[in-house]
Structures are given as C-alpha cells and as structure tokens.
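# Structural features, examined
Here is how the chains run, residue by residue.
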Amino acid sequence: MFGTLSGNIGAICFFCFFQILGILLSLKLLKRQSFWFTVLIGSVLGSFSLQWLPVLYAFFIDFTVLAHVLALITMALIVLAAYVRIPGNPFKRVAVSIKDPALFVILPLYLLTVIILTGHTIPYIDGAMHSGQSTYGDMNMHLGFITSIAKQSVFPPEYSILPGTRLAYPFLSDSISSSLYLFGCSLRIAYLISMYVALLQVFFGVYCIAKQSLFVLNKPHLGKSILAFVLFFLNGGFGFYYFVNEGFASENFKRIFTAFYETPTNYVQENIQWHNILCDMLIPQRATLFGWAILFPLLALLLKARKEADSHAFILCGILAGGLVLIHTHSFLALGVLCAIFVLQDLTQEETGKSDDKKSLIARLCLVVVFLSSMSILCHRQHSQNPLSSNLILSFGIGIVAAFLGWLCWELVTAGKNGTLKKILRTWGLFLLVVVILALPQLIGFTFRQAQGDQFVRGSFNWANESDEYILFYLKNLGIMFILTILTLIFGTKKQIRILSPACFLWVICEFILFQPNPYDNNKLLLVSYLFMCIAVSDFVWDTIPALGKKKSSVRILRITSVACVTVLGVFAAVLTVSREYVSDYELYSRGYVKMCEWVENNTNPTDTFLTATNHNNAIASLTGRNIVCGSGSFLYYHGVDYAQNEADVKTMYEDPSRRDALLDQYHVDYLVLGPCEWGTYEISDIEEMYEKYDVVYNEENVVVLRHVTR
C-alpha cells in the first residue's frame, strides 16, 4: 500500500521506458508530422503499449512481473525492428524551440488540474486517507481494481467486490496502474503517475484537434484554437444563477464551497447535469481520462491523415482505435460515429467557403426550428403521464442511424463510379480493416457479454433531463454555448457546418439511445460532440460575428467584445466549480481502517475473502485488493451486475447467528471485519459470542478482525 523507495523508483523507470520507446517508434513511423506532435503520438503509443502488452502475456502467464518484463522486451524489439526496416534518420527533425502562445494557457490549467488531483488522491493525513469532492466516489472503485489486479494476478480480472464475477468494465484504464503497483511502488504513486501523463495527452490532443480543424491558408489559427480549448475544458452553463441570485456575499453563494456536490455545473436539485470536464470527468473518472488520452490525439492524427491521404498514418490510427474497446468503450463508440461522418464528408467533398446564399440560410433556419420544435414536443410528451415507450424511442434512434447508413452506402456506390472509392479504400478502408481485426475479439469476448439485458442499449429521450422542457434544459446546462451553436448552425460558414456535422449526428443519436445502465453516462459521448461544437463556435465568434462590422476598426472591436463576452459567460460556472473542488477535503478511510489494511497486507493471502459492510469506501477492497463478499451497489448496479443475493447474505451473516456459519462456508469467508462501518450498518446482536467463537486476530482503534476457518 505504501511501497518502498526502490519500488517507487523501479516502477517510475518502467513507465518511462515505455514512454521513451513509444516516442522513438513514433519518430520513425510519422515522418510527415511535426516534431512535437510526433512526441505526443509517441507518448500515447507508450501508454497504449503499457496497457496492452502485459495483458496479452497475462492471458497465458497471469498478471505477473514476468509478463511485464516480456512486454518491455517486446516493445523494445518492435522499436528495434522499425529502426532496422524503415530507412531514414528520424532525429533530423528534433526541435527544442517552443513558441506556441497556447502554452501560457495549457500549462497553467494542467498544473492546476495536477494540484487538485494530487491533493485529492488518498493523501495520508494523521493516519487517515483523504479525498476531494469529485474523487470521494469513483476513486474507491478504481483503487479496488488496481490493487486486486496487481495482488491477485487473476486474468481475465474479476471483481474483488463480487468474487467469481468477471470484471464488467474496460479495465485497461486501471491495469496500467496495476502494472506499476506490481513493481512495489506505493498505491498513490501508481495511481497518479500514469494520470499525470494522460492529462497531458488529453490537453494537447484537444488543442491539436482545434488547430487542425481551424487551418487557414495552411496555417493554424492559434487564437481560435486557444478559445476552443478554454471553452471545452472550462465548460459550464447558466447554473451559476442559482448561486449568485442573492449576491456574492450571501450564504447561498458561499455554499458552493461548503456543500457536497452543489456547484454551478452539478446541481441536480435544479436539473444542472452538464458537469465540468476537469472536476467531474478527468480527475475522478479514469476510464474517460485514459480513453480521451488516446481518442483526442488519435482524432488529431486522423484529421491530418485525411488531408494528406497518408495510408501509414491510417494504419497507426487503426491500431490505436482497435485497442480502445477495453480502455474506454464510450470513446471507441464515439470515434466510430465521428469517423462515419468523416467518410461521408470525404465522399461528398463539401466546400468550406463563406456562408451560403439567402435561400440556404432560410432552409437552415427552418430545419433548426423544426428540429427544436419536434424535440420540444417529444420532451413534453415524455414528461407527461403518457410517455412513449422505451422501444419506440429506441426505434427512432435506430431509424436515424439506418437512414444515415443508407445515405453513406449510396455515396459509396456513387464514389465507385467517379473514382473516389479507390482513395477511400486506401485510407478509410485500411483503417476500418485494422480496427475490425483488433476490436472484434474484444467486443465478442468482453463487451457484448457484459452489455446484455435491458439495462444497457435501450431507448430513452434526452438522457439526463427528467423535468425541464427541452430548450430550457440545454439553455441552463450549456448556457451561451447552446445559443451560439444554434446561431452557428443557421448563420455559420460551410467550414463551420462541416466541423459541426459529426458533433450534431453523435448528439442526436445520444438523445434517443442510452448505451449503459446510467443515463448520465451518455455525456461521455456528448462531451466528444461538445469539443467540435467549441471549435465551430470559436470560429463563428472570431470571424462570423465580427464580419458584421463594416470597418476594420469596428471588426476588431466586435471581435474583442464577442470573444471576451463568450469567454466570461462560458467559463464563469466552471471557475466556481474548480474553486470548490480545489478547497474540498473529506476523510475517505479512517485511521483505524488504514491501520487494519496494513495488517491485512502483511498477514493474509491476496486471495482471502473478507466479510465487511458494503459501503462504497470499503478500505479492504480498495487498499488491499482482497475479496469481499459484496461491494457497493453504486458501482455494481451501473455495471449491470446482479449482486442482490450477495448483498442480502452479507446482512444475514452479520445479523442472524443461526445462519451465519453456513453462509460463511458458502462464500468461503476467511475473515470477518467489525468496525464503525459494520456497526453503523447492521444490528449485530451477538458480538461477545462472536469474539468467543472466532479467533480475534486483530483488535486496534475500534476495528476488529475475526478469523473463520471454512469447514
């Protein structure tokens, strides 16, 4: 749990070896790209290899140190082969100058995120371990995955919070830290090191997408790219109204910094569901972080490959995309939808000139009005006493997808006649082939088996909105970005519409289809759409709105004013949320439970099973990687796992002495834990008798561990 100095050094070196090898490989493979972009892709390759190569060996020799040594050797041989087989000196492109002004925005925001993440990841304070507001929930689950994969070495991994059940989660986002933990570093360092690098990959990946999307005369427009970057990561709507409406000195405003999850971007009492990306996605949700760490640099590389028709880059993109399934399935799905639109755009060869003529603008206006009106009517119906069935809503979503696929097929047939198809097959066809070869075994072996039943893919309208009218919901949640996206769709240039098209299609699908048990989690798809909205809106605010001015001076004033207003309104809610996250602090594991976990690590076997309470911050499961009979339903339910019987039996084992021994034998329980969580949850009537019947092997600071020998 706390590791050793040599373990920390060894694990960090092991991680750095993969990063260096990934960069060396990228320098050899991506000869057409700039040096620093190649370094970004190389870093992604390093993390990707550390996630996948040990796992491939683990299927045969378990998740062991030997599997990791073989993985490192394999990666080194791949790099060596690339340098032997591919001619040219990749180091000619090495550059040391860094002149991009975006660094003055990216690096401070990155450092702030790192500071919050570090301070909220189980800091050891007076013998207890703490967390922040956003990490108080999901971090417990991720810690449990990390420790159990490393300690038990069972592969494919199983739930330590529901023994015998295969892990129904894209576990490679956690196994990368398990790899480091396996080498003896502390749990905290294993958790953080890979996240620090993943955050850099996400930040620079987003910026590269914005730069690539906003090329003007073969040069990226840095101002627009920086604006898009800021609007994306500091996302927020008009939720701040509910806190500032009584003044900044009021108790209503001050509760942002004291209440639990009552912020301008996360206030369910008023249906504010558009949570801030930094505080509610990247810091607590590791699967999203590591998925985006591949997705965004991959999208940037794809955009470059499209422009250059670089088949080698498409193959590399296919490899990264194919491995996304077990890292973050939502990112894999989002990538698939976006790529389908990219293919359609390449087939139709749309122009990207100025705004259309008056007839086209009227047509766009009518289309937007009809869409919003239809969605508003449907939303009103769903909030009535006679809503449409889930199956009917699902059929709407499937119909939209089917109509698009029909259009795409038609364009492919047409492309075969005009010669465009050959180019598509050399690029997108190659990409799709690689993705299918790599992703299909994962989908069949893991995803499709896990995503069964009515809890997963199903129809549901407007994801998390349960009370507001359609337009009001998005006006409150997206704020100025909702208004500007609508204006861009009506008055924007063809280039802006081209940027928005993938986002709009993915967004509409998510309005009708849920892809997981928790409706809120559709935002993992919507936020990818939101990135392209931020890029298009930035172009609209920077160029289209100022174009209303007739003189150069008025254009300049309009641009400064519009950019300033949009930035302030767009990020104000996020600034308050980030400030709240910065000051938040909660005790996650008490001193008594932490000391007990130290004893457990030193005196029990990694495969032993413990009877504990089912609290979400279960110290045994999170810190030691040992099995418990049943963990928190807040994790298991949203993974579609049936845990009801285990949960009921835990209660029986604590409260019913007559049935206890039989159930302890049934679940192969080795130890029983009695502490504040257990006493506060269950009515244990025979504590003294339990002390006499079972061996008391640990008793310190109000936490007791009893040993049970299975008959």
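Residues numbered from 1 in each chain as written. Predicted model: local features only at pLDDT ≥ 70, side-chain atom pairs only at ≥ 80, totals over all residues. Heavy atoms only, no water.

Turning next to empty space enclosed by the protein. In total, this model carries two cavities of 30 Å³ or more according to the counting rule given. A volume near 100 Å³ is recorded for the largest cavity. Elements supplying a minimum of two residues to the lining of the largest cavity: helix H5 (138-152) and helix H24 (619-624). Take the lining of the largest cavity: its biggest share by element is four residues, from H5. Looking at the lining of the largest cavity residue by residue, the class counts come to six nonpolar, nine polar and no charged. Lining the second largest cavity, in full, are Ser148, Ile149, Gln152, Val154, Pro157, Glu158, Tyr159, Ser160 and Asn627. The element contributing the most residues to the lining of the second largest cavity is H5, with three residues. (1 Å grid on protein atoms, 1.4 Å probe; cavity = no way out; pocket = protein on both sides within 12 Å on 5 of 7 lines; lining within 4 Å. Points joined across faces, edges and corners; volume = space filled by probe spheres on them. Helix = DSSP H or I, 4+ residues; strand = E, 2+ residues; numbered from the N terminus. Nonpolar A, V, L, I, M, F, W, Y, C, P; charged D, E, K, R; others polar.)

As a further point, take the environment of Ala564. Inspection of the secondary structure puts Ala564 in helix H22 (residues 552-583). Placed 193 residues apart in sequence, Ala564 and Phe371 show a C-alpha to C-alpha distance of 30 Å.

Grouped together as the largest cluster of nonpolar side chains are 230 residues, with contacts concentrated most on Phe203 and Phe233. The dominant element in this core, judged by the number of residues it contributes, is helix H7 (residues 187-213), at 16 residues. When near neighbours in sequence (up to four residues on either side) are disregarded, Phe233 contacts Leu109, Val202, Phe203, Val206, Asn276, Ile277, Leu278 and Leu282. Within the second largest apolar cluster, 10 residues are counted, among which are Phe240, Val244, Ile256 and Ile272. (Core = buried A, V, L, I, M, F, W, Y, C linked by side-chain atoms within 4.5 Å. Buried < 20%, exposed > 50% of the residue type's maximum accessible area, 1.4 Å probe, protein only. Contact = heavy atoms within 4.5 Å.)

Moving on to a nonpolar patch on the surface. A surface patch of nonpolar side chains, amounting to about 530 Å² of accessible area, comprises Val65, Val69, Ile73, Leu77, Leu80 and Val84. Locating Val65 in the fold gives a position in helix H3 (residues 65-85). On the basis of relative accessible area, Val65 is assigned to the partly exposed category, the value being 37%. (Patch = residues over 30% accessible without salt bridge, like charges linked within 9 Å, V, L, I, M, F, W, Y side chains within 5 Å. Areas by Shrake-Rupley, 256 points an atom, 1.4 Å probe, with all protein chains shown as cover. Salt bridge = Lys/Arg side-chain N within 4 Å of Asp/Glu carboxyl O.)

Between helix H2 (residues 35-61) and helix H13 (residues 311-322), the shortest axis-to-axis distance is 11 Å and the interhelical angle comes to 40°. As summarised for this structure, H2 and H13 are arranged oblique, according to the angle between their axes. Crossing geometry of H2 relative to H13 is assigned as left-handed. Residues Ile41, Val44, Leu45 and Phe48 of H2 form the contact with H13, whose own contacting residues are Leu316, Ile319 and Leu320. Looking at the contact of H2 with H13 residue by residue, the class counts come to seven nonpolar, no polar and no charged. (Axes fitted to C-alpha atoms, helices over the stretch in contact; angles between N-to-C directions. Parallel < 35°, antiparallel > 145°, perpendicular 65-115°, else oblique. Left-handed = near helix turned anticlockwise from the far one by under 90°.)

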